[in-house]
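# Overview (structure and organization)
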Amino acid sequence: MGVHGSFQRAVGKYHLWMNNAFSSYGSYVARKPLVPLFLGIVLLGGFCFGLFRYSKETDLEKLWVEHGSRVVEEKAFYDARFGGIPRQEIVAIVSKDDPDAQLDLAHAMDALTYSIGPLFDNLTLDYTPPGGTKSVQLGQSDLCVRPLVPPTLRPGNNPLVDNNWLSWGFQRMSTCALNTTFAASPVKPTFLPVGWGISKFPCTKLTPMDCFREGGSFDYPEALRQLETPMPPLPTGNFTLVDITASFIAQTNVCSVALTSELEGLFTFAQVPAEQAAPQIAQIVAGVESQTESFFSWGYRWRRPYKGMSSEEIINHINTAVKLADEWDTAPSHPQVATCITEGLPCCLTWFGLHIPILASLGSIDYNEGGNVTKIGGIRWGQNNYHEAQPIWADYIEGVLGVNLTRKQRKNLHRKWEGRMVDHLEPLRNRESNLFGSTYDDLQLEFLTWRSSQDIISDSAKTPIWQIVLSVILTSLYAYLAFINVKRPVHSHTWVVLTGLSVVTLSILSGFGFTAMIGIKFSPLAGGVVPFLALGLGIDDVFVLVNIMRNYLEDPRLQAMGSGSIIPEREMRLTLALAGPSVILTTFSVLAAFFISSLNPMPISQWFCWQMGITASLHTIGLILIFMPIMAIDARRVKAGINDPNLWLVHGYRSKGAPETVAAVKDDAVAGDETANFDVNDPSLQENTGSTVISRWVASRYAPLFESNIFKICVVLISAAFLAVMIYLGFHKVEHGLKLSDVTLAGSYQNTFAKLTEERFPNYDVAIVTREIDYPNRQTEILEIFSELQKKKRWAPAQPRILESSWMGGLYLFSNSTANVSYPVPPQAFNQLVEGWSTSSLGIFSLQDMYCEHNETGLPLSCFNVERNPNLRVAATKSVMFAQNLGANTKPNLDMIRDTRSVVDSLNDKFGEKIAYMYGYPFLFFEQYLHSYHDLYLVVGLALVGVFVAITVFQFSLTVSILICLILLMTDLEVYGFVYIIGAKLNALSLVNLGIVIGMSAEFTYLARSFLVVEGTKTERVRKALEWTFEPLLHGFGTQFVATFPLLFVKYHAFRLYYFAMFTVMGIIGFFNGFVLLPALLTWIGPGTLHHIKEASAKAKQRAVDANANPTQTNGSKVEQAESESAPSNGTAPHT
């Protein structure tokens, strides 16, 4: 008893101290309201100036890649060396009537060519560099990922100056071969022009047309087309320029000798000594002969045209190509392209002869039991444009423009080009005066550019002005109707509650200003959600405070204690003593929920939580410094008999018969005398009544229900059954993820593309990234990683194999063909071979997959080693492949992430060094779902701990704290189950909401506090607590609903689903649990009245005895008179 008694006394002292603090502030604002009012306006108004530092974030990766995960470090490594994931551009074609129906494939490929051909051959952008005056005309080839043309293959007439030995030599060799071959023919062939060379290569892209001759009908430069110039017929058949040249050189050295002779003349003219010229000449001739073999493997001339083929024949062609590729020798030194050409096989290859993942360009595919494709319902073109930070492209574009550009300027250049793409493609999608309105009217085109997602984010980040205006109007109307009193206009409080709405608005603006001031960027949630949610949360406390003050101003017994002063010191002391701790408690609960929910590592969610937490903090400051003084001013108005200003037009300044109060407003002495011995804990003041319809209904109809055990048992059983169902739905039915179609604007090209392609084209490109390792001596380990990953059968299709499509495959093919070196190459020869390979026609196709540095300084160098820098070393690489059967669903992506990481991580451990890791779009945006439950438990658990601490500090009851936290957890679990019912999913948005639910649902702590500070049986105390708290918290739920209701009209479905729907469900469930289940439980297991309240009650009873013994006591007579004149009691209000 001694320890327990000491604890109770300590709690009592703490409670008295807190009550005295709030009541003292109430006394202060009653006397001097203008001082804190001025301070609050200056403080919050000053924060509003931070809005001048407003900045918006629209980068998807910065918003949606979680902090603290392993992918952050992997992304940083990748971005520092390769700039970032390339900017992807996609166009898809499906049937208009049924996107899953079998296409007429030839017809569809014609439509796809019609759509994308102009992007390469006609579309241009006139771009004026910053600070420049002359525009430069740019095209697709200036922005797309494509091989760089080495100087040895470029146009030029003088190789001694232009260094274009291979193109110049091939032009000479081809002319020699054609002259010799057609010497006796009356029909002369078409020769390559003098000075012939290649200015640019095609963009690296993926289309189904790559399997057919029509793949070269667009984006195939004229210099490459000239290689496929048809020659006059020969007895052995019809051939092209490159066919005859390659065959002639392979059979005889006549042209090689002629080229050698011409080169000797050039070097003699250049006065190069013969002993120096001879090895160079031999190297050039050998290089031209080798390049001729490469030219022979390039192009589309040997592929079968799809025109004239049926869809069934096209599908069989693709099936055969996939099968042949899968069965081909895996050695990189034996490419299949030569066999495809000489034997006329159906092969699906790039223009330069490597296998392509052809199935990744096909959609809505059906397979038979043998694994062959039986139906193709969609086709697509996909292409990567360089990331704005990619070093190779940064050097290239600055060379074209002649100026240096910042990363932001390069990004804007990309966006301008993608805007031109959208302008070209959107009319095709909408069938606006083009062949999609006639020839291709049975087909539907959908497309997406890299800027599309940023456009979505940028658009969704715009503040929905009219919806916010509607929210303010609805909230104002609700507040006006809740506090208007036409019969007694003096006791109408519409102007003060509407002023409170203005304070909330100021708090929101100052919250935005403060967050901008400290550098928090504005995400789509800042403008699209925060204003509505902050308005609903903020006005709630205003309702509670005004409702309590109204009750005290209408209490005849309390008014009878005064002596005519209009200074509302007693009323403000009582209001703040009762409501102050509860308001601060709910504020701390909300703050705990928001700031703890910011532990979610997703930036978009973190910034939202910080903005809401800061706004809620400033709202509390606004309540204390601005609104509470305004309440005191309104209380003076009531005590002075002045009507609500909003009713002056109807009722005038004062109603007829209103009492004239002549006491001076500044009569501090009188007010001080009246309150000197005033005890805010006096239980004799807790019987004041509520006068509204809702208060009377609660007192007469609702609260008595809790006297029935049958009713309470039914409540508990229904709640338990509902909880069980919601737990099942939450943990067994709720899916994880967030699709592009979930967040895009319905009807937009982004939305229709997402809906069309998310499941029909389920392949993503991913990369194996190798780190800064000893590449010459780590070749075997890299090959083992490639081999083990290849076994996973996750790639679409098995060809191209990882090694073949990687930079190492190209290096090994080069080493074998030029130096007869097998793979892995000797470590001592590695750097020398890389040096020659990087500028060869084999190495140039892999430069975008490599990052090089200076061997001594560590500074970045171009891997395009034209200057033959001996200090260049490979410092990082990536090898790209397509992972199949992923789509937009979370599970297959997570399975792929776990599967591939387990292979690479285990091999890294085996090798004792972090050699490689997996990276790509799925890793960036799906890794968060690897630990969704962990994040959920962390956020909700810590939010519960935070709320528990806040409740314990302000409610002074461990039992109540535990009970409320159990109710909050129950509410959270039930809202989680509703996530499935409303069609949402578990992701960063809903996860944070489930943390916020803990704080926002804590508002029924008002009821628990009221229960603790009244006397009687548990059932009587529950009745009194309901009579006091039901109405203001009902209004709180109502204002939250009307404040967020306009979210139903925002453009983006995700906002409607994750914010209006979830928070409405939270409000309904929280209100039921707080005002139906919690009262039932309190009647059974609720704790007793707080100890110090009992002591105050005993003192009050003693004063009553003393008052009866001394009937001349003034105050007592006034109270008795007021009691005799008061209306019948309709409800009781607890006191602190």
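Residues numbered from 1 in each chain as written. Predicted model: local features only at pLDDT ≥ 70, side-chain atom pairs only at ≥ 80, totals over all residues. Heavy atoms only, no water.

This part covers the overall build of the protein chain. Tallying secondary structure elements over the protein chain gives 43 helices and twelve strands in all. Seen through its C-alpha atoms, the protein chain measures out along the principal axes to roughly 140 × 65 × 65 Å. Expressed as a percentage of its 1136 residues, the buried residues of the protein chain come to 60%. In the protein chain, the share of contacts with a sequence separation of at least 24, taken over all contacts with a separation of at least 6, comes to 80%. Carbon and sulfur atoms provide 59% of the accessible area of the protein chain, an area that totals close to 44200 Å². Taken as two groups, the 87 positive and 100 negative side-chain charges of the protein chain have centres that lie 7 Å from each other. (Helix = DSSP H or I, 4+ residues; strand = E, 2+ residues; numbered from the N terminus. Buried < 20%, exposed > 50% of the residue type's maximum accessible area, 1.4 Å probe, protein only. Contact = heavy atoms within 4.5 Å. Areas by Shrake-Rupley, 256 points an atom, 1.4 Å probe, with all protein chains shown as cover. Lys, Arg positive; Asp, Glu negative; His and termini not counted. Charge placed at Lys NZ, Arg CZ, Asp CG, Glu CD.)

This part is about the packing of helix α36 (residues 932-955) against helix α39 (residues 1005-1012). Orientation of α36 relative to α39, taken along the N-to-C sense of each, is 30 degrees, at an axis distance of 11 Å. Classified by the angle between their axes, α36 and α39 sit roughly parallel to one another. The way α36 lies across α39 gives a crossing that is right-handed. Residues Ile951, Phe954 and Gln955 of α36 lie in contact with α39, whose contacting residues are Thr1005, Ala1008, Arg1009 and Leu1012. (Axes fitted to C-alpha atoms, helices over the stretch in contact; angles between N-to-C directions. Parallel < 35°, antiparallel > 145°, perpendicular 65-115°, else oblique. Left-handed = near helix turned anticlockwise from the far one by under 90°.)

Ranked by size, the top nonpolar core spans 319 residues in total, and within it Leu263, Trp298, Ile379, Phe608 and Tyr1059 carry the most contacts. Beyond its immediate sequence surroundings of up to four residues, Tyr1059 is in contact with Leu525, Val529, Phe608, Leu989, Asn993, Leu1047, Ala1054 and Thr1064. In this structure, Val337, Cys340, Ile341 and Leu349 belong to the second largest nonpolar core, which totals six residues. (Core = buried A, V, L, I, M, F, W, Y, C linked by side-chain atoms within 4.5 Å.)

Running from N to C, helix α5 (residues 105-121) and helix α15 (residues 407-429) cross one another at 155 degrees; their axes reach a closest spacing of 11 Å. Regarding the angle of α5 to α15, the classification is roughly antiparallel. Crossing of α5 over α15 shows right-handed handedness. Facing Tyr114, Ser115, Pro118 and Leu119 of α5, the residues of α15 in contact are Trp417, Met421, His424, Leu425 and Leu428.

Here we come to helix α26 (residues 693-702). Along α26, the positions that sit buried rather than exposed are Ser695, Val698, Ala699 and Tyr702. All buried residues of α26 lie within an arc of 130 degrees about the axis, which places them on one face of the element. For α26, the exposed residues lying more than 90 degrees away from the buried face are Val693 and Arg701. If you follow the buried residues of α26, they end up packed against α40 (1018-1044) and α41 (1053-1085). (Arc of directions from axis to C-beta.)

This part covers the pairing of strand β1 (residues 87-95). Along β1, eight of the nine residues are buried, which leaves the element largely enclosed by surrounding structure. As paired elements, β1 and strand β6 (residues 373-385) share eight bridges and run antiparallel to each other. Counted as the bridge partner of Gln88 is Asn384 from β6. Here β1 runs beside strand β7 (residues 443-448); their pairing, made up of six bridges, is antiparallel. Pairing of Ile93 across the sheet is with Leu445, part of β7. (Pairing = 2+ DSSP bridges.)

The next point concerns the state of the cysteines. One covalent bond between the sulfur atoms of two cysteine residues makes up a disulfide. Scanning all chains against the criterion turns up five disulfides. The residue that forms a disulfide with Cys176 is Cys255, at a sulfur-sulfur distance of 2.2 Å. Taking the torsion about the S-S bond as the criterion, the Cys176 to Cys255 disulfide, at about -90 degrees, is left-handed. Of this pair, Cys176 sits in helix α7 (residues 165-181) while Cys255 sits in helix α10 (residues 254-269), placing them 79 residues apart in sequence. Residues Cys176 and Cys255 agree in their burial class; the two are buried. Listing the disulfide partners of the protein chain by sequence rank of the bonded cysteines yields 1-3, 2-5, 4-8, 6-7, 9-10. (Disulfide = S-S within 2.5 Å.)

In the predicted model, the protein chain carries a mean pLDDT of 87, and the fraction of residues at 70 or more is 92%. Every residue in residues 660-677 scores below 50 in pLDDT, and together they form 28 contacts with partners more than four places removed in sequence or on other chains. Considering only residues more than four positions removed or in separate chains, one finds that residues 1113-1136, a stretch of pLDDT under 50, has 60 contacts. (pLDDT = per-residue confidence, 0-100.)

Another point: a nonpolar patch on the surface. Judged by side-chain polarity, Tyr14, Trp17, Leu599, Leu938, Leu942, Val945, Val949 and Val953 come together as a nonpolar surface patch covering roughly 680 Å² of accessible area. Secondary-structure elements contributing two or more residues to the nonpolar patch are α1 (2-31) and α36. By secondary structure assignment, the location of Leu599 is in the loop between α22 (569-597) and α23 (603-639). The class of Leu599 is partly exposed, set by a relative accessible area of 44%. (Patch = residues over 30% accessible without salt bridge, like charges linked within 9 Å, V, L, I, M, F, W, Y side chains within 5 Å. Salt bridge = Lys/Arg side-chain N within 4 Å of Asp/Glu carboxyl O.)

To continue, consider the side chain of Gln928. Mapped onto the secondary structure, Gln928 falls in the loop between α35 (921-926) and α36. Take Gln928: its relative accessible area is 6%, and that puts it in the buried class. Among the polar contacts made by the side chain of Gln928, one reaches the main-chain carbonyl oxygen of Phe925 at a distance of 3.1 Å. Residues contacting Gln928, with those up to four places away along its chain left out, are Trp64, Glu66, Met602, Asp935 and Ala988. (Polar contact = N/O pair within 3.5 Å; in protein donor to acceptor, adjacent residues only side chain to side chain.)

Attention shifts here to unusual backbone geometry. Following Tyr823, the chain continues to Pro824 via a peptide bond in cis, the omega torsion being -10 degrees. As for its placement among the helices and strands, Pro824 is situated in the loop between α32 (807-819) and α33 (827-837). Phi at Asn820 is positive, roughly 55 degrees, even though this residue is not glycine.

Next up on the list: a negative patch on the surface. Together, Asp97, Asp98, Asp104, Asp441 and Asp442 make up a region of like negative charge exposed at the surface. Asp442 gets classed as partly exposed once you look at its relative accessible area, which sits at 34%.

Taken in spatial order, the five strands of this open sheet run β10-β9-β11-β8-β12, and their pairing is antiparallel. What marks the edges here is a single partner per strand, and that holds for β10 (860-861) and β12 (916-920). Taken together, the five bridges between strand β9 (residues 850-854) and strand β11 (residues 872-883) define a ladder with antiparallel strand orientation. When the bridges of β11 are listed, Glu853 appears paired with Arg873.

For β9, the tally of buried residues reaches five of five residues, placing the bulk of the element in the interior. Neither face of β9 is exposed, since Met850, Cys852 and His854 on one face and Tyr851 and Glu853 on the opposite face are all buried. Strand direction decides the pairing type here: β9 and β10, joined by two bridges, are antiparallel. Among the inter-strand pairings, Glu853 is bridged to a residue of β10, identified as Pro860. Here β9 folds back onto β10, and the loop between the two strands holds five residues, one of which, Gly858, carries a positive phi near 80 degrees.

The final tally for this structure, using the stated rule, is 40 salt bridges. Residue Lys462 pairs with Asp459 through a salt bridge whose shortest N-O separation is 3.7 Å. The class of Lys462 is exposed, set by a relative accessible area of 51%. One salt bridge connects Glu781 with Arg778, and the closest N-O pair in it is separated by 3.2 Å. Using a relative accessible area of 16% as the deciding quantity, one classes Glu781 as buried. For Arg778, a relative accessible area of 17% translates into the label buried.

Applying the stated criterion across every chain, the model contains 63 aromatic pairs. Between the aromatic rings of Tyr220 and Trp351, the centroid separation amounts to 6.4 Å while the plane-to-plane angle is 70 degrees, which identifies the pairing as edge-to-face. Taken together, the positions of Tyr220 in the loop between β4 (205-206) and α8 (222-227) and Trp351 in the loop between α13 (337-343) and β5 (362-367) put the pair 131 residues apart, joining distant regions of the chain. Classification of Trp351 as buried rests on a relative accessible area of 4%. Aromatic side chains Tyr1052 and Phe1055 sit 6.3 Å apart centroid to centroid with 55 degrees between the ring planes, which places their arrangement in the tilted category. For the pair Tyr1052 and Phe1055, one class covers both residues: buried. Ring pairs connect the aromatic residues Phe170, Trp196, Phe201, Tyr220, Phe295, Trp298, Tyr300, Trp351, Phe352 and Phe845, which therefore count as one cluster. (Phe/Tyr/Trp six-rings, centres within 6.5 Å; stacked < 30°, edge-to-face > 60°.)

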